[in-house]
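# Coordinate analysis (summary)
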Amino acid sequence: MPENLNQEKKAFYLTTPIYYVNDIPHIGHAYTTIAADVMCRYKRMKGYDVMFLTGTDEHGQKIQQSAAAKGLTPIELADRTVLNFRELWNALGISNDDFIRTTEERHHRTVQAIFKKLLDQGDIYKGTYQGWYCVPCETYVPESSMGEDKTCPDCRRPLQMMEEESYFFRASKYVPRLLEYYEKNLRGVMPRTRYNEIVSFLKSGVRDQSISRTTLKWGIPVPGDDAHVVYVWFDALINYVTACGYLDDPEKFRRFWPAAHHLVGKDIIRFHCVVWPIMLLALGVNPPVSVFAHGWWTVEGEKMSKSRGNVVDPFEMVERYGRDPFRYFLLREVPFGLDGDFSEAALVGRINSDLANDLGNLLNRTLQMVDNFCGGVLPASGPAGDLEREIAELAGKTVRDVDETISDFAFDEALKAIWTLIGRGNKYIDETMPWKLAKEGKEEDLHRVLNTLYDVLRLSSLLVAPFVPDTAARLWEQLGLEGDPLACSIDGFTWGERTPGLKVNKGKVLFPRIDMNEWKKEKAARDEQKAAPKAPAPAPEIPLEHEEAVEIDAFRAVELRVAQILNVEEIPKSKKLYKLSIDLGYEKRTIVSGIKEFFTPEELLGKRIVVVANLKPAKLCGVESNGMLLAAGDGKKTTLSLLTPDRDIPLGCRVS
Ligand code: MSP
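Residues numbered from 1 in each chain as written. Predicted model: local features only at pLDDT ≥ 70, side-chain atom pairs only at ≥ 80, totals over all residues. Heavy atoms only, no water.

### Structural notes on the sheet that holds strand β9 (residues 212-213)
The strand order β9-β11-β10 describes an open sheet built from three strands, whose pairing is antiparallel. Pairing within the sheet leaves two strands with one partner each, and these edge strands are β9 and β10 (221-222). In this structure, β9 lies alongside strand β11 (residues 225-230), joined through two bridges in antiparallel fashion. The residue of β11 that forms the bridge with S212 is V230. (Pairing = 2+ DSSP bridges. Helix = DSSP H or I, 4+ residues; strand = E, 2+ residues; numbered from the N terminus.)

### Quick word on the domain arrangement of the protein chain
For the protein chain, the domain assignment lists domain 1 (11-123 + 170-295), domain 2 (342-492) and domain 3 (552-654). Computed over C-alpha atoms only, the centres of domain 1 and domain 3 are separated by 41 Å. Contacts between domain 1 and domain 3 engage five residues on the former and six residues on the latter. Carbon and sulfur atoms make up 49% of the area that domain 1 and domain 3 hide from each other, which totals about 490 Å². Counting the surface domain 1 buries against domain 3, the share from its top three residues, A68, A69 and G71, is 64%. Across the contact surface, domain 1 and domain 3 share zero salt bridges. Taken together, the residues that form the side of domain 1 that touches domain 3 break down as two nonpolar, three polar and no charged. (Domains from an automatic or database assignment. Contact = heavy atoms within 4.5 Å. Buried area = accessible area lost by both parts, 1.4 Å probe. Salt bridge = Lys/Arg side-chain N within 4 Å of Asp/Glu carboxyl O. Nonpolar A, V, L, I, M, F, W, Y, C, P; charged D, E, K, R; others polar.)

### What about the pattern of salt bridges?
As enumerated under the stated definition, the model contains 49 salt bridges in all. Across the pair R308 and E302 runs a salt bridge, and its minimum N-O distance is 2.8 Å. The exposure class of R308 is partly exposed, given its relative accessible area of 48%. Judged by its relative accessible area of 40%, E302 is partly exposed. The partner of R424 in a salt bridge is E390, and the shortest N-O contact between them spans 2.8 Å. Of this pair, R424 sits in helix α16 (residues 411-432) while E390 sits in helix α15 (residues 386-407), and the two are 34 residues apart along the sequence. (Buried < 20%, exposed > 50% of the residue type's maximum accessible area, 1.4 Å probe, protein only.)

### Some thoughts on the environment of V289
Structurally, V289 can be placed in the loop between α11 (269-283) and β13 (290-294). Note on V289: relative accessible area 31%, which makes it partly exposed. Residues V289 and R448 lie 159 residues apart in sequence; the distance between their C-alpha atoms is 46 Å. With residues near it in sequence (within four places) discarded, V289 still touches Y181, R187, G188, P258, A259, A260 and H261.

### Overview of the sheet that holds strand β14 (residues 297-299)
Taken together, the three strands give an open sheet; going across it, the order is β15-β14-β16, and neighbouring strands pair in mixed fashion. Only two strands of the sheet have a single neighbouring strand rather than two, namely β15 (302-303) and β16 (340-342). Examined bridge by bridge, β14 and β16 share three bridges and lie parallel to one another. Bridging across to β16, T298 finds its partner in D341.

### Some details on the site of the ligand
Within the structure, the ligand sits among 23 residues, and I18, D57, G265, D267 and W297 are positioned closest to it. Contacts to the ligand include I18, whose backbone N or O atom sits 2.8 Å from a nitrogen atom. Contact with the protein chains removes 93% of the 670 Å² of surface that the ligand exposes when unbound. Sort the elements by how many residues they give to the shell around the ligand and strand β1 (residues 11-20) lands first, with four residues. Class assignment of the residues belonging to the shell around the ligand gives a composition of 13 nonpolar, eight polar and two charged. (Near = heavy atom within 4 Å. Polar contact = N/O pair within 3.5 Å; in protein donor to acceptor, adjacent residues only side chain to side chain. Areas by Shrake-Rupley, 256 points an atom, 1.4 Å probe, with all protein chains shown as cover.)

### A short note on helix α20 (residues 516-531)
Spanning 16 residues, α20 covers 22 Å between terminal C-alpha atoms, matching the ideal 22 Å at 1.5 Å per step. Listed as buried for α20 are W519, K523 and R526. Along the axis of α20, the buried positions cluster into a sector of 60 degrees, meaning they face one direction only. In α20, those exposed residues whose orientation departs by more than 90 degrees from the buried face are N517, K521, E528, Q529 and A531. Summarising the contacts, the buried residues of α20 are in contact with α12 (314-321) and α14 (344-374). Where α20 begins, the capping side chain belongs to D515, and its oxygen is found 2.9 Å from the backbone nitrogen of N517. (Expected span 1.5 Å × (residues − 1). Arc of directions from axis to C-beta.)

### Quick look at the packing of helix α13 (residues 323-333) against α14
Contact pair α13 / α14: the axes reach a minimum separation of 10 Å and the direction vectors enclose 100 degrees. Here α14 runs roughly perpendicular to α13, going by the angle between their axes. For the pair α13 and α14, contact is made by P325, F326, Y328, F329, R332 and E333 and by A346, L347, R350, I351, D354 and L355, respectively. Residue classes in the contact of α13 with α14 are distributed as eight nonpolar, no polar and four charged. (Axes fitted to C-alpha atoms, helices over the stretch in contact; angles between N-to-C directions. Parallel < 35°, antiparallel > 145°, perpendicular 65-115°, else oblique.)

Below you can see the structure in the form of structure tokens.
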């Protein structure tokens, strides 16, 4: 499209939350991203210049801890997990225009510039943060989630009241201005229940926010004060303006920011509807036009969690049922702002009823009749009768209803409206009985009916396109139309507009029906397999040479401690040894270790290990070793595995 035309288009900017990289993606992540994709595809078809952003949130305690537990550095973990997200968006057909990672340089610079601006203008100040802290987990625990007797909800160990220096953001100052903004912008927070919740929260007062940490290293350093890193939420929220060109592309920012909308889950609305707009007001930038908070999915009535083993894998759903049915189901099943329950049986039900029975049948029956009665060529139509006028009116109403409901993020309502039209099409076939008209030689009536049905399908293809893009393309092709329905303008649709002599291409059934009885058996077998205890791995043939029993005191005399590998050096002429510099927290040391055949230096760098700290020094290949690391081997020197703590525990901790 030529530049000048592009400039005339209205802008629309939509974001998803940026997802944490400590975990693999699940349906919760898929849900928001699919909804955003539908909205953006729809807006493009309405002629908007759309910018659609998603990405990953890669700093902070959670990521640092998960990485340590996996024996990785945080960036290694992020680099791996980000691929899962990219792959999933690909599998789901997500049409994002940008993908931001908070570890990118463009973001780093933007966060520091914003921090500095707010600091310089006095909206950020240094103070003291006080809170209940869990030393082993290295985290502050809010009073609302700490256990009885002031224990950590994760490790159950006693919490300590701690104080640390922190930078604070003067959020309280901007509360009246934000309230004023919301009074004028009733769609600033959606749905309305959330708007009310946020307004009353604001009225109850907002404290200044602690926005830096000294207890954490994995984050963006506070400009001019390296002892602090920027708190992960302050860092993460800024992604929305980084990608929109706040620092680097003022023209892009001017174009898209006034049209910014955020989609988020209900759990993170305070960050998005209180902290974030206040940050923007302080920067002299308008808050987003709207933030829509959707509900949460449970799975077959239960909260989705790893420990329950019921996390729905979106990759599996796409592979089993196809991406369009999965996209359709998530948006049709539950009103977008409310919680919903996911069940595969309900998904299969929707495939059979809405997709195969309603949409698939309408296409199949119509094209079959065009083939049978008109040799596959759509005939010219006669004048419309009452029934046809009624259907044309319904079509116009459907277009308006879809527009209104999608603008309100009421995706389920939009789909219901489209399916009302599809249902009307099927009923119209039953009412007019075209096969009878053909038999009786009533050609004019027959041609009018076929044309009306054709238009119901042509319009439906356009309206379903943002939801089920592959299906829309297949419909379009079978209708004998050229190009991609997604590239068409919805407003450019004209009822009854026809290419003379148009030939349809009746093709494969859109959605084969799933036999419910067969499906139930297959699902039961799958569930059984999941629930069955995993067969124990066959015992490897390990040479067993037991030592004599020792007293507990003999074991206690061995001082085992957690350490981290800081540096790995080759020892000239040694095939087996590495010289390792390790950090025990309280001191740094050198140990020499015979692990060279099993690990590259890169694999070892940064690894947390367990060492015997009180081993008498010994010289190996001329290098003094002050300790020994622990590793498990099969005794046959074919494999070796380092012992590493499974969570982020301070260096120097004793292993017992
Ligand atoms: N990184 C933050 C967001 C920062 S945005 C500046 C975050 N990430 S997250 O990966 O934990 O969650 C991302 C989104 O997934 C949230 O909007 C959350 O509501 C959503 N969901 C997580 N579990 C969900 C369900 N079970 N159901 C629906 N959505 C859920 O929070």
